[in-house]
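The chain contents come next:
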Amino acid sequence: MSWDSGQQATAQRYYVLAVRAARAAGDSAFAANSLAGMARQLLCLGRTADALELVRLAQDQAVNATPTVQAMLRTREA
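How each quantity is defined
- Residues numbered from 1 in each chain as written.
- Predicted model: local features only at pLDDT ≥ 70, side-chain atom pairs only at ≥ 80, totals over all residues.
- Heavy atoms only, no water.
- Helix = DSSP H or I, 4+ residues; strand = E, 2+ residues; numbered from the N terminus.
- Expected span 1.5 Å × (residues − 1).
- Buried < 20%, exposed > 50% of the residue type's maximum accessible area, 1.4 Å probe, protein only.
- Contact = heavy atoms within 4.5 Å.
- Arc of directions from axis to C-beta.
- Salt bridge = Lys/Arg side-chain N within 4 Å of Asp/Glu carboxyl O.
- Axes fitted to C-alpha atoms, helices over the stretch in contact; angles between N-to-C directions.
- Parallel < 35°, antiparallel > 145°, perpendicular 65-115°, else oblique.
- Left-handed = near helix turned anticlockwise from the far one by under 90°.
- Nonpolar A, V, L, I, M, F, W, Y, C, P; charged D, E, K, R; others polar.

Engineer: Honestly, helix α1 (residues 8–25) in this entry has me stumped. Any pointers?
Structural biologist: Helical geometry note: an α-helix holds 3.6 residues per turn, so side chains three or four residues apart project in the same direction. In a regular helix each residue adds 1.5 Å, so 18 residues correspond to 26 Å; α1 covers 26 Å between its end C-alpha atoms and thus fits that length. Those residues of α1 that fall on the buried side of the exposure criterion are T10, A11, Y15, V19 and A22. Looking at the buried residues of α1, the elements they touch are α2 (28–44). Count one or two residues on from α1 and you reach G26, which has phi positive near 75°.

Engineer: Quick question: what am I supposed to make of helix α4 (residues 67–77) here?
Structural biologist: For α4, every residue scored as buried is listed here: V69, M72 and L73. Along the axis of α4, the buried positions cluster into a sector of 100°, meaning they face one direction only. In α4, the exposed positions angled more than 90 degrees off the buried face are occupied by P67, T68, R74 and T75. Those residues of α4 that are buried lie in contact with α2 and α3 (48–61).

Engineer: Looking at this structure, how should I read the pattern of salt bridges?
Structural biologist: Where charged atoms of side chains with opposite charge meet at close range, the side chains can pair. The full count for this structure, using the stated rule, is 3 salt bridges. When the shortest N-O distance is used, the salt bridge between D50 and R47 registers 3.0 Å. D50 gets classed as partly exposed once you look at its relative accessible area, which sits at 31%. The exposure class assigned to R47 is partly exposed, which follows from its relative accessible area of 39%. Of the charged contacts, one joins E77 and R56 as a salt bridge, the two residues approaching to 3.2 Å between their closest N and O atoms. Taken together, the residues span a long stretch of sequence, with E77 in helix α4 and R56 in helix α3 at a distance of 21 residues. Residue classification places E77 among the partly exposed positions, given a relative accessible area of 27%.

Engineer: What is the right way to look at the packing of α1 against α2 in this model?
Structural biologist: The description of two helices packed together rests on the angle between their axes and the distance between the axes. The contact between α1 and α2 brings their axes to 8 Å, and the two run at 165°. Our classification of the angle between α1 and α2 gives roughly antiparallel. The way α1 lies across α2 gives a crossing that is left-handed. Of the residues in α2, those in contact with Q8, A11, Q12, Y15, V16, A18, V19, A22 and R23 of α1 are F30, A31, S34, L35, G37, M38, Q41 and L42. Of the residues belonging to the contact of α1 with α2, the class tally is 11 nonpolar, 5 polar and 1 charged.

Written out as structure tokens, the structure reads:
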């Protein structure tokens, strides 16, 4: 919602909190999903190199993710 309302910095902080919480809980699939969301935001902001780096990091996190999450990450990378 922060991203939708134009509060980009706040949205990024929430994404980082989500990734940290997911990692602390041992939920690598949710961490990957959060990184993918942050990558999408960066892509919309024109920061394509940063977005691609985050998608690749998310792919590294998604070893136990469902095929659906892995497919979404591949699509974001493309």
